[in-house]
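Coordinate analysis (summary)
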Amino acid sequence: MRMSDLKSLETVNVRCLYYFEYSLKKSVWVLTYLNKLNNKDLIINFELDLGCSDPFEPTDIEHIDREEFKFKTNLFGVTYDCEYKTTYGYVYEMIKELNPKYLNILPIGSTDSGASHLGQYHSISKLNQNYESVEIINDYIPLYALYRFLQSPNLHTFKFGLQFHFLSSIYNNQIKIKNNDDSDRDRDRDRDDISKYSSDKIELDFNKMDNFKFGDFPGDIIDNAINEDNRTYCSFSRQGDSCDEIPPYSMSLWNQCLKLLSTNSTITNLSITHNCDGGCGWDDRDESDHYDSDINGLYNENFLNDFINSLANNNKTIKTLTLDFDILESLDEYDIKNIHLITKSIVSMLNQNTTLESIYIFPTSEFKEISNLTKNTKCKINKE
């Protein structure tokens, strides 16, 4: 039987396992073989299970000419282990060419390298015109990726991780900038650099500031083009490097994300998780007399208020909200302070929001008080 004879096919689910020499790294156009099914209405979904890539180059794949795919893709799923250099670059290429509606990404950490992080979310987020559901589980996305994902015109389900301690540090950094000594030349220079991107100095057009091609450069700001694919504040991997530098445009970009979040008109199911592996030392508890909120793990209250308030009365579509603050069971004084601040912000939000039907706040054991404090009787709190 020829592939072209399978006219009754409606959906095909393809599972791809790639280890060592088996890889799509050389060319995604090997998938054009599926064009032989000769059915433009055919739905072909993909699930990639990617093991830790071998440092040696995969076996060469013969040159395959680019050819338009003669099928549609609804679901594109990726489960992956730690990446060697950029060996998973074909993941971006496949998403770009297949243009899926549903994107599921799940990292695993089965090797000694620790947890996995995919360094291409900014690029993937720019392919946002067809997404209806994006689920990135157990991994964080950079701030610019959040901005681009929130611009997806058809997105109804959005589940992802952020590094809340990075966002909190943005606010702390603003305080430090204001307190800089005017006579210090180095700090003056830093302030001038920041003023280039500061929202109170100039209106930034973030729709034009990330005009880069995937894989062009790994840096953050090159010739006025910002690429956050490899932006890492707190590294997951034990082999990775954490960088506590706050990009000068971050506050402006975060404010734009808050606006998009508060005015979004398509998302009905939103889930946000705090991802911190501790590599940056943010949640270290030392016994020194010197207290630094960026080190000891206390959230900036203004960050929490801005973040939670963006989900308040302006948002008319989100019906299910999940917030996971990843607080350990062994509470110390900083965890208790965080729980108090979070509780206060969420109660305020619930008292204003009339759209939410369900909210899940993790760890649930630490936020039981919210249901007794809020005036909102419509929204179910931590209940199935």
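Counting restarts for each chain, with residues numbered from 1 along the sequence as it is written. For a predicted model such as this one, the threshold for reporting local features is a pLDDT of at least 70, and the threshold for listing and counting side-chain atom pairs is 80 or more; totals across whole chains, interfaces and linings nevertheless cover every residue. Note: side-chain values were computed over all heavy atoms of the structure, leaving out hydrogens and water.

The helix and strand labels rest on DSSP assignments: H or I over at least four residues marks a helix, E over at least two residues marks a strand, and numbering proceeds from the N terminus. Scanning the chain from N- to C-terminus turns up 10 helices and 12 strands. Only protein chains enter the accessibility calculation, which uses a 1.4 Å probe; a residue is then buried when its area is under 20% of its type maximum, exposed when over 50%, and partly exposed in between. When burial is assessed residue by residue, the chain has 49% of its 384 residues classed as buried. Put simply, the chain shows about 19,800 Å² of open surface, and 46% of that area lies on carbon and sulfur atoms. Surface accessibility follows the Shrake-Rupley procedure with a 1.4 Å probe radius. Residue values consider only the protein chains on display as shielding.

Our next topic: helix α9 (residues 333–352). Structurally, the α-helix is built with 3.6 residues per turn, so residues lying three or four positions apart point the same way. Expected span, for any helix, means 1.5 Å times one less than how many residues it has. Across its 20 residues, α9 extends 29 Å between first and last C-alpha, which sits within 8% of the 28 Å expected from 1.5 Å per residue. Along α9, the residues that are buried comprise Tyr 334, Asp 335, Asn 338, Ile 339, Leu 341, Ile 342, Thr 343, Ser 345, Ile 346, Val 347, Met 349 and Leu 350. Of the residues that open α9, the one with a side-chain oxygen 3.0 Å from the backbone nitrogen of Tyr 334 is Asp 332. For the purposes of these results, a polar contact is taken to be a pair of N or O atoms within 3.5 Å, where, inside protein, one atom must be able to donate a hydrogen and its partner to accept one; residues adjacent in sequence count only when each atom of the pair is a side-chain atom.

Moving on, we come to unusual backbone geometry. Cis peptide bonds are those with omega within 30 degrees of zero, and the linkage from Phe 362 to Pro 363 qualifies with 0°. In this fold, Pro 363 is placed in the loop between β11 (358–362) and α10 (370–373). Of note in the backbone geometry, Asn 38 takes a positive phi value of approximately 50° without being a glycine. Looking at the element boundaries, Asn 38 is found in the loop between β1 (11–18) and β2 (43–50).

So, on to the packing of helix α4 (residues 164–178) against helix α6 (residues 250–263). To get an axis, fit a line to the C-alpha atoms, keeping to the stretch in contact for a helix; angles then go from 0 to 180 degrees between the N-to-C directions. One way to put it is that α4 packs onto α6 with a least axis distance of 10 Å and a crossing angle of 125°. Between α4 and α6, the crossing angle belongs to the class labelled oblique. At the point where α4 passes α6, the crossing takes the left-handed sense. Only Ser 250, Met 251, Trp 254 and Leu 258 of α6 make contact with α4, whose side of the interface consists of Phe 166, Leu 167, Ile 170, Tyr 171 and Gln 174. Partitioning the contact of α4 with α6 into residue classes produces 7 nonpolar, 2 polar and no charged. Note on terminology: angles under 35 degrees are roughly parallel, angles over 145 are roughly antiparallel, angles of 65 to 115 are roughly perpendicular, and the others are oblique. Put simply, a crossing is left-handed when the front helix is turned counterclockwise from the back one by less than a right angle, and right-handed when it is turned clockwise. Two residues qualify as a contact provided that any one of their heavy atoms is within 4.5 Å of a heavy atom in the partner residue. Polarity classes work like this: nonpolar for Ala, Val, Leu, Ile, Met, Phe, Trp, Tyr, Cys and Pro, charged for Asp, Glu, Lys and Arg, and polar for all others, with Gly in that last group.

So, on to the side chain of Ser 345. Secondary-structure assignment places Ser 345 in helix α9. When residues no more than four places from it in sequence are discounted, the contact partners of Ser 345 are Leu 304, Asn 305 and Ile 308.

Turning to a nonpolar patch on the surface, a few remarks are in order. The grouping of Leu 106, Ile 108 and Ile 137 at the surface amounts to a nonpolar patch, some 200 Å² of accessible area in total. Note on placement: Ile 137 falls in strand β5 (residues 133–140). Of the residues examined, Ile 137 reaches a relative accessible area of 33% and is grouped as partly exposed. Two distance rules govern patches: like charges are joined within 9 Å, and nonpolar side chains (Val, Leu, Ile, Met, Phe, Trp, Tyr) within 5 Å, applied only to residues with over 30% relative accessible area and no salt bridge. Any Lys or Arg side-chain nitrogen located within 4 Å of an Asp or Glu carboxyl oxygen qualifies as a salt bridge.

Next up on the list: the pattern of salt bridges. Evaluation of the coordinates by the stated rule reveals 5 salt bridges. For Arg 15, the salt bridge goes to Asp 49, with nearest N and O atoms at 2.4 Å. Taken together, the residues Arg 15 in strand β1 and Asp 49 in strand β2 connect sequence positions 34 residues apart. On the basis of relative accessibility, which here comes to 56%, the residue Arg 15 falls in the exposed class. Judged by relative accessible area, Asp 49 falls into the buried class, the value being 9%. The partner of Glu 301 in a salt bridge is Lys 344, with the nearest N and O atoms 3.5 Å apart.

Ring geometry is summarised as follows: Phe, Tyr and Trp rings, the Trp one being its six-membered ring, pair when their centres sit within 6.5 Å, and such pairs are stacked at plane angles under 30 degrees, edge-to-face over 60 and tilted between the two. Evaluated as defined, the whole model comprises 20 aromatic pairs. Seen from their ring centres, Tyr 144 and Phe 206 are 5.8 Å apart, and the 80° between their planes marks the pair as edge-to-face. Residue Tyr 144 is located in helix α3 (residues 143–149), and its partner Phe 206 is located in the loop between α5 (185–195) and β7 (221–222); the two are separated by 62 residues in the primary sequence. Like Tyr 144, the residue Phe 206 is buried in the burial classification. Ring geometry for Phe 164 against Tyr 299: centres 6.4 Å apart, planes inclined by 65°, an arrangement best described as edge-to-face. On the criterion of sequence distance, the pair formed by Phe 164 in helix α4 and Tyr 299 in the loop between α7 (293–296) and α8 (301–309) is long-range, its members being 135 residues apart. Only Lys NZ and Arg CZ are tested; either one counts as a charge over a ring when it is within 6 Å of the ring centre and within 35 degrees of the ring normal. Across from the ring centre of Phe 212, 4.0 Å away, lies the NZ or CZ of Lys 126, which sits over that ring.

Between its terminal C-alpha atoms α6 stretches 20 Å, which fits the 20 Å expected from 14 residues at 1.5 Å a residue. Most of α6 sits inside the fold, with 10 of its 14 residues counted as buried. Residues of α6 that are buried sit in contact with α3, α4, β9 (269–274) and α8.

In plain words, nonpolar cores are sets of buried Ala, Val, Leu, Ile, Met, Phe, Trp, Tyr and Cys residues tied together by side-chain atoms within 4.5 Å. Ranked by size, the top nonpolar core spans 94 residues in total, and within it Phe 158 and Phe 325 carry the most contacts. The dominant element in this core, judged by the number of residues it contributes, is α9, at 7 residues. Those residues in contact with Phe 325 that lie beyond four places of it in its chain are Phe 164, His 274, Tyr 299, Leu 304, Ile 342, Ile 346, Ile 361, Phe 362 and Phe 367.

Pairing between strand β6 (residues 157–162) and β9: 6 bridges, direction parallel. Counterpart to Phe 160 in the pairing with β9 is Ile 272. In terms of strand pairing, β9 meets strand β10 (residues 320–324) through 5 bridges, oriented parallel. Residue pairing for β10: Asn 269 is matched across the bridge by Thr 320. Any two strands are treated as partners once DSSP identifies two or more bridges connecting them.

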